[in-house]
Protein chains: 2
Amino acid sequence: MSFDYGQRHRHELDAASKIAKVFGVAEHRVVKIDLRQFGGSALTAAGIAVPKDRDEKQMAAGDIPITYVPARNTVFLALALAWAETIGAFDLYVGVNCVDYSGYPDCRPEFLRAFEATANLATRVGVEGTGHFRIRAPLLHMTKEQIICRGLALGVDYGLTHSCYDPTPEGLACGRCDSCRLRLDAFSRVGIPDPVRYVL
Amino acid sequence: MSFDYGQRHRHELDAASKIAKVFGVAEHRVVKIDLRQFGGSALTAAGIAVPKDRDEKQMAAGDIPITYVPARNTVFLALALAWAETIGAFDLYVGVNCVDYSGYPDCRPEFLRAFEATANLATRVGVEGTGHFRIRAPLLHMTKEQIICRGLALGVDYGLTHSCYDPTPEGLACGRCDSCRLRLDAFSRVGIPDPVRYVL
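Residues numbered from 1 in each chain as written. Chains lettered and ligands numbered in written order. Predicted model: local features only at pLDDT ≥ 70, side-chain atom pairs only at ≥ 80, totals over all residues.

### Details of the relation of the copies chain B and chain A
What connects the two chain copies is a rotation about an axis and a shift along it.
No. 1: Superposing chain B onto chain A requires a rotation of 180° together with a translation of 0.0 Å along the rotation axis, leaving an RMSD of 0.0 Å. Read as a symmetry element, the transformation amounts to a two-fold axis.
No. 2: Mapped onto chain A, 100% of the interface residues of chain B again fall at the interface, so both copies present the same surface. (Least-squares fit on C-alpha atoms with pLDDT ≥ 70 in both. Contact = placed C-beta atoms within 7 Å.)

### Brief notes about the environment of Cys180 of chain B
All names here are of chain B.
No. 1: Within the secondary structure, Cys180 sits in helix α7 (residues 178-190).
No. 2: Placed 15 residues apart in sequence, Cys180 and Tyr165 show a C-alpha to C-alpha distance of 7.7 Å.
No. 3: For Cys180, the residues in contact, after removing those within four places along its chain, are Ser163, Cys164, Ala173, Cys174 and Gly175. (Helix = DSSP H or I, 4+ residues; strand = E, 2+ residues; numbered from the N terminus.)

### Some remarks on the environment of Val50 of chain A
All names here are of chain A.
No. 1: By secondary structure assignment, the location of Val50 is in the loop between β2 (30-32) and α2 (56-59).
No. 2: For the pair Val50 and Ser17, spaced 33 residues apart in sequence, the C-alpha to C-alpha distance is 25 Å.
No. 3: Those residues in contact with Val50 that lie beyond four places of it in its chain are Arg8, Ala42, Thr67, Tyr165, Asp166 and Cys177.

### Side note on the nonpolar core
In globular proteins that are soluble, nonpolar side chains generally tend to be buried together.
No. 1: Judged by nonpolar contacts, the single largest core of 87 residues is most densely connected at Leu79 and Leu81 of chain A together with Leu79 and Leu81 of chain B.
No. 2: Residues contacting Leu79 of chain B, with those up to four places away along its chain left out, are Val75 of chain A together with Val31 and Ile33 of chain B. (Core = buried A, V, L, I, M, F, W, Y, C linked by C-beta atoms within 7 Å. Buried ≥ 20, exposed ≤ 12 C-beta atoms within 10 Å, placed from the backbone.)

### So, the interface of chain B and chain A
No. 1: Listed as interface residues are 34 residues of chain B and, on the opposing side, 34 residues of chain A.
No. 2: Counting only elements with at least two residues in the side of chain B that touches chain A, the list comes to α3 (72-87), α4 (109-122) and α5 (124-128) of chain B.
No. 3: By residue number, the principal contributor to the side of chain B that touches chain A is α3 of chain B, which donates ten residues.
No. 4: Residue composition of the side of chain B that touches chain A, grouped by class: 21 nonpolar, nine polar and four charged. (Nonpolar A, V, L, I, M, F, W, Y, C, P; charged D, E, K, R; others polar.)

### Overview of the environment of Arg183 of chain B
No. 1: Relative to the helices and strands, Arg183 of chain B is located in helix α7.
No. 2: Sequence-distant contacts of Arg183 of chain B, defined by excluding residues within four places in its chain, comprise Lys144, Ser163 and Asp194 of chain B.

### Quick notes on unusual backbone geometry
Residues and elements named next belong to chain B.
No. 1: A positive phi angle, close to 60°, is found at Asp53, a residue other than glycine.
No. 2: Of note, Asp53 is situated in the loop between β2 (30-32) and α2 (56-59).
No. 3: Backbone geometry at Ala71 places phi at a positive 60°, although glycine is not the residue there.
No. 4: Considering the arrangement of structural elements, one finds Ala71 in the loop between α2 and α3.

Keep in mind that these numbers describe shape and distance, not what the molecule does.
This is the structure we're talking about:
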């Protein structure tokens, strides 16, 4: 399940679709929910620039960067819950990460636990008690290097992936936003080249 | 804030817009999120009929009717949270009711409390601690008669309101779905006529 939410890096939807095809997923659903109507983030408001060239100290300072999209993961999980309940699925997987992350409140384990509790009260199981939703975040406590290595072991072609917040119209990564820097740093620590194409 | 979610009773959006105008709200925002793509409810799936003529015993039996829309109020509150956080609002009002309700899991106080806890972890305040979201549900514990009386005291023109799940294309209420029956029963107990136009 991917979300076409008016993100600046819409290119990630093409990447998700290619990867879904390679791994033969049963269905790749792209849900439209325009978060530009609220704005408030560099990812969804045309007038707010994506910060570039921040160093490790700035990224680790703990203040929430302007790339945070208000309540985004709550919206995503709520919609995933709606689909899951309809088809009778109880395991919701989400790729959030709280180690090499950018200080986003909705990437933290306490948020995921709270959402899971809400999900189990919000739905039929909350009344009928016949099932239990789980929010699964397998990447949550892994470093970006560990994630890269696990992906390599599982056969991920990182050339198909996309991380940049501010790609060119052709989908080239900028190499300078937080997301690119965290990714490039991790690839360099792992000691292999990042196969994604960068502007620089 | 209203939601154009593909509901069969889209007419409620016109009603909401008229009432917003009468009361001079600062802004009435209608958010599009198509829940028909998941279906699973008589309100969002064309192939599922709205139950009619259920008696009080059937409505009070405690089983969740097919008009329940999977995770709908979680989706609504998540989007309301996104807007609230963007504009710096902390009070989210929702019109759910757990007394004369139809057995919906996401109209219960325990759901609202869980969502409130999630909201305060999902957003900037969860990290920065500068504010606290409240989910306000002033109608939660009122009977439908009490709601009608309170509205009358506050100057609500019930002729502008809409409750029916399955109105005609012109917006006439069916008078036979759970929502119409609960409403009609309440008006009759209060002892005043319901000014809304019914098919019957």
